[in-house]
Amino acid sequence: MNQHSKALGHRTGLNRREALATAAGLTFSLMLPVGKDESAFGQSSGTMQTAWLTIRPDGMVTIVSPAAEMGQGSRTSLALIIAEELDADWKRVQVEMSPLDDAVYGNPRYKIMYTAGSASVPTYFKPLRLHAAQARRVLIDSVAEKWGVPAAELATEPGVVVHKPSGRRMTYGEIASFARVPATLPTVTEADLKPATDFRYIGKDVLRVDVPSKVDGSAQYAIDVQVPGMLYGSVLRAPVESSGPSDLDKQEASKTPGVVDVVTLPYGIGIVARTPEAAFAAKAKLKVNWSAVPGSKFNSVEALERYAERAKDLTADGKAWDKAGDVAAMSQAKTIVEAVYRTDYAYHAQMEPLNAVASVDAEGKAAEVWCGTQAPTIARAAVARALNIDAGKVVLHPMLLGGGFGRRGHYDAEYVVDAALLSRAAKAPVKVMWTREDDIRNGRFRPMTAHYLKAGLAADGQVVAWRHRVCSEEALAFQDGPRFKARKETAIFSMLGTEQPSYELPNRLIDHVRQVDGMRLSSMRGTGNPPNAFVTESFMDELAHAHKADPMEFRRGLVAKVPRALTVLDTLSGMSQWQRKRSHGRGLGLCFRNEDGTLIGMVAEVSVDRKTGVVKVSNVWAVIDAGLAVQPDNIAAQIEGAIVYTMGAALSERVTIANGTVEQSNFYDYTVPRMSDVPAIEVKVLSTPNPPSGIGEMGGNVTGAIANAVAAATGARVRHMPLVPERVLAAMRS
């Protein structure tokens, strides 16, 4: 178990390009998917290099990380895994972004370089350890040959190979100067990997490698990039997807001082100017009529009621997501509970608005791009398609991201394409920056959803049958059409989190009824889990109350066969003093989830102003079992961040659309949590002997805990997220 430990220091140094430029060296390249070992090695000349690591003569080790760094710490965690198995000296490790190569660096789950879904550590963990173990074996074998001793007599300490019988020692840098590397990497199996008891770094806390530069201001984001001769771009997009400019009056915009060009694009009008202020000012002067499309008449309030009616209509065909047993067993239940839940659109609200820099050559046949993206090879391909050139002609520099949450990982990478198209038109480098108003108005949102739930309880409180139907548009269909088709048009982003693998639900049917309204949609931190946690965990409390059972004990009964889940709940009960009665007007709410193998339980304590309906979250307790905790303090930090981030979705953040147009425009009418809203948060990390699983999104399940706490404080159930004051008041009055 771990709660916030002190972090260790870490240094950064030369980048990979500089390191390679100074190396004459020993090269063994593993330019193959991780885990493969069929590779020929080069000859010795001072520096030892694989696709994943480089050892220089001075002993510095450069490790590349394919994870986009957006504050979640994956770049550090992946490098730490390699350093652990290599037995590198962490004080002499530097970490850089890997080259763009899906075949070598692609996420094992997605097969491309894509940072999403809390998938980096779980999927790379074993392949990276195996690769590092192979490199460590090469070091040992090289020393064994030079000293004429059996390899079995050699061991490693951080950055050093040691021969204990003679006391001789040789640094990794010294080894790199003479090592003879075999044509094929040594065979290594999981049995050859370090036992957890020998870990020096995994399970300990180290300072994230991106933190020092963020603290001293030297960290570079795409918005910081400056290129000689660079102009600035801004795009007025059609308010509805698939619409375009049908009539344009650009006269006033063109007269704006500093404007270089007004460019008509298929989806909007671009401004190119000498300053960002001039670009924004000219854009505001554009007068555009947009072509009408079906989505131009869309109204989200009306559509959500349509979704709710479709969800309740069980005669309509749905696409099964999770199914077991026979829900006809519902007829045998002693008690039956039904409910309809709703959730609204939500906006990513990432700190750094979308932006990119592109420099397209004069002939339009090659481009260089700087951008923050969760999917660099996808962004590169999108630019290539837009310019009608080969992807190999696009050099893309992945930058740090000021927040991603799914918004910077779309198939069309539209904000990057904006820069490329305007650069081609201007025949000069162009930096495109979206204002916050652009970011919301052109937002791609977590879908709004409607849910029908019905469950039957036996006399002992066990769930006899569980029926859950979701009605919504599917974000993946918009975000990545080819991937949606490859997944057999399954509503992945809408349905993730409706399944509940730790609960004993022997007879269940969970399905989806897809709507197609043409709205701009996206995955968002946790994909379907935060809204589905609100729905399913609220309904679980409704079942507990129908059975006149304590919500904690009710859930303990449903997870009785899952020891890890019981440990999480029992630990959480003690931390939150669950049994202690709270004062009038305050309530505790519980949420338990098994999200892709990570078990998390949370309790929220809230108070509700009965006159205004305003909810104040005062405390949140969280217990997480994500298997082996690679970096416990970072896990706790990620849970804290996700809790604060998702509080807004639970209580205040909502997007509404009228006549196809987003009605919100900035943080004064899209209300994210303020500092004064942040509760006291206590996180306990349980490190268990299981493979590491995801953590970055897990705190988003706090939606269920907050909703249940509001019900406990008021005696009224709010079944529409976010729980804005008017909905809380309406529930109390009813």
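Because the structure is a prediction, the values reported are computed rather than measured. (Residues numbered from 1 in each chain as written. Predicted model: local features only at pLDDT ≥ 70, side-chain atom pairs only at ≥ 80, totals over all residues. Heavy atoms only, no water.)

> Sorry if this is basic, but what is going on with the pattern of salt bridges here?
As a working rule, side chains carrying opposite charge can pair if their charged atoms are close by. Summed over the entire model, instances satisfying the criterion amount to 37 salt bridges. A salt bridge links Glu309 to Lys312; the shortest N-O distance between them is 3.1 Å. Separated by three residues within a single helix, Glu309 and Lys312 lie in helix 9 (residues 300-312), roughly one turn from each other. Judged by its relative accessible area of 48%, Glu309 falls in the partly exposed class. Taking the relative accessible area as the measure of exposure, Lys312 reaches 37% and is therefore partly exposed. For Glu504, the salt bridge is made with Lys561, and the minimal N-O distance between the two is 3.9 Å. Placement of the pair is Glu504 in the loop between helix 15 (492-495) and strand 21 (508-514) and Lys561 in the loop between helix 17 (551-558) and helix 18 (563-576), with a sequence separation of 57 residues. What makes Lys561 exposed here is its relative accessible area of 68%. Where salt bridges share partners, they join Glu84, Asp87, Lys194 and Arg200 into one cluster. (Salt bridge = Lys/Arg side-chain N within 4 Å of Asp/Glu carboxyl O. Helix = DSSP H or I, 4+ residues; strand = E, 2+ residues; numbered from the N terminus. Buried < 20%, exposed > 50% of the residue type's maximum accessible area, 1.4 Å probe, protein only.)

> So what exactly am I meant to see when it comes to the sheet that holds strand 3 (residues 61-65) here?
Strands in a sheet are paired, the pairing made by backbone hydrogen bonds, and the direction either parallel or antiparallel. With respect to topology, four strands assemble into an open sheet ordered 1-2-3-4, the strand pairing being mixed. Either end of the sheet is taken by a strand with one partner, and the two such strands are strand 1 (48-49) and strand 4 (93-97). In this structure, strand 2 (residues 53-55) lies alongside strand 3, joined through three bridges in antiparallel fashion. Opposite Ile55, over in strand 3, you have Val61 as the bridge partner. Those strands touched by helix 2 (residues 74-86) are strand 2, strand 3 and strand 4, and its axis lies near 135° from that of strand 3. (Pairing = 2+ DSSP bridges. Contact = heavy atoms within 4.5 Å. Axes fitted to C-alpha atoms, helices over the stretch in contact; angles between N-to-C directions.)

> So what exactly am I meant to see when it comes to the domain arrangement of the chain here?
Put simply, an interface is often sized by how much accessible area is lost when its parts join up. Segmenting the chain into domains produces domain 1 (16-32 + 46-212), domain 2 (222-293 + 354-433) and domain 3 (300-347 + 445-733). Inter-centroid distance (C-alpha atoms) of domain 1 to domain 2 is 39 Å. The junction of domain 1 with domain 2 conceals about 1100 Å² of combined surface from both sides, 63% of it contributed by carbon and sulfur atoms. Taken as a group, Met70, Leu100 and Tyr114 account for 47% of the area that domain 1 buries against domain 2, more than any other trio of residues on that side. Across the contact surface, domain 1 and domain 2 share zero salt bridges. In this assembly, domain 1 and domain 2 are joined by three residue pairs in polar contact (both at pLDDT 80 or more). Partitioning the side of domain 1 that touches domain 2 into residue classes produces eight nonpolar, one polar and four charged. (Domains from an automatic or database assignment. Buried area = accessible area lost by both parts, 1.4 Å probe. Polar contact = N/O pair within 3.5 Å; in protein donor to acceptor, adjacent residues only side chain to side chain. Nonpolar A, V, L, I, M, F, W, Y, C, P; charged D, E, K, R; others polar.)

> What am I meant to see in the packing of aromatic side chains here?
The relation between two aromatic rings is expressed through the spacing of the ring centres and the mutual angle of the planes. Tallied over the full model, the rule gives ten aromatic pairs. Summarising the aromatic geometry, the rings of Trp90 and Tyr201 are spaced 6.2 Å apart at their centres and angled 45° between planes, so their arrangement reads as tilted. Here Trp90 is found in the loop between helix 2 and strand 4, whereas its partner Tyr201 is found in the loop between helix 5 (172-176) and helix 6 (211-216), with 111 residues between them in sequence. The ring of Phe178 is capped by Lys146, whose NZ or CZ atom sits 4.6 Å from the centre of that ring. (Phe/Tyr/Trp six-rings, centres within 6.5 Å; stacked < 30°, edge-to-face > 60°. Lys NZ or Arg CZ within 6 Å of the ring centre and 35° of its normal.)

> Explanation requested: helix 20 (residues 702-714) in the structure shown.
Since there are 3.6 residues in each turn of an α-helix, residues three or four apart along the chain are aligned in direction. Look at helix 20: 18 Å from first C-alpha to last across 13 residues, which is about the 18 Å you get at 1.5 Å a residue. Every buried residue of helix 20 is accounted for by Val702, Thr703, Gly704, Ala705, Ile706, Ala707, Asn708, Ala709, Val710, Ala711, Ala713 and Thr714. Just downstream of helix 20, Gly715 is the residue with a positive phi angle, here 75°. (Expected span 1.5 Å × (residues − 1).)

> Would you take a moment to explain the sheet that holds strand 24 (residues 615-625) for this structure?
With mixed pairing, four strands are arranged side by side in an open sheet as 22-23-24-27. Among the strands making up the open sheet, the edge pair consists of strand 22 (586-595) and strand 27 (680-686). With strand direction ignored, the average angle separating the axes of adjacent strands in the sheet is 15°. Where strand 22 lies against strand 23 (residues 598-608), ten bridges are found, and the strand directions are antiparallel. Of the residues in strand 23, the one forming a bridge with Gly587 is Val606. Together, strand 22, strand 23, strand 24 and strand 27 form the strand contacts of helix 18, whose direction differs from that of strand 24 by roughly 140°. Each of strand 22, strand 23 and strand 24 is contacted by helix 20, which is oriented at about 155° to strand 22, the strand it contacts most.

> How do you make sense of the packing of helix 19 (residues 632-651) against helix 20 when you look at a structure like this?
Think of two packed helices as two axes; the pair is described by the angle between the axes and how far apart they sit. At a closest axis distance of 9 Å, the pairing of helix 19 and helix 20 adopts a crossing angle of 50°. Between helix 19 and helix 20, the angle falls in the class oblique. The interaxial crossing formed by helix 19 with helix 20 has right-handed handedness. Taken together, the residues of helix 20 that come into contact with helix 19 (itself represented by Ile643, Thr646, Met647, Ala650 and Leu651) are Val702, Thr703 and Ile706. When grouped by side-chain class, the residues that make up the contact of helix 19 with helix 20 number six nonpolar, two polar and no charged. (Parallel < 35°, antiparallel > 145°, perpendicular 65-115°, else oblique. Left-handed = near helix turned anticlockwise from the far one by under 90°.)

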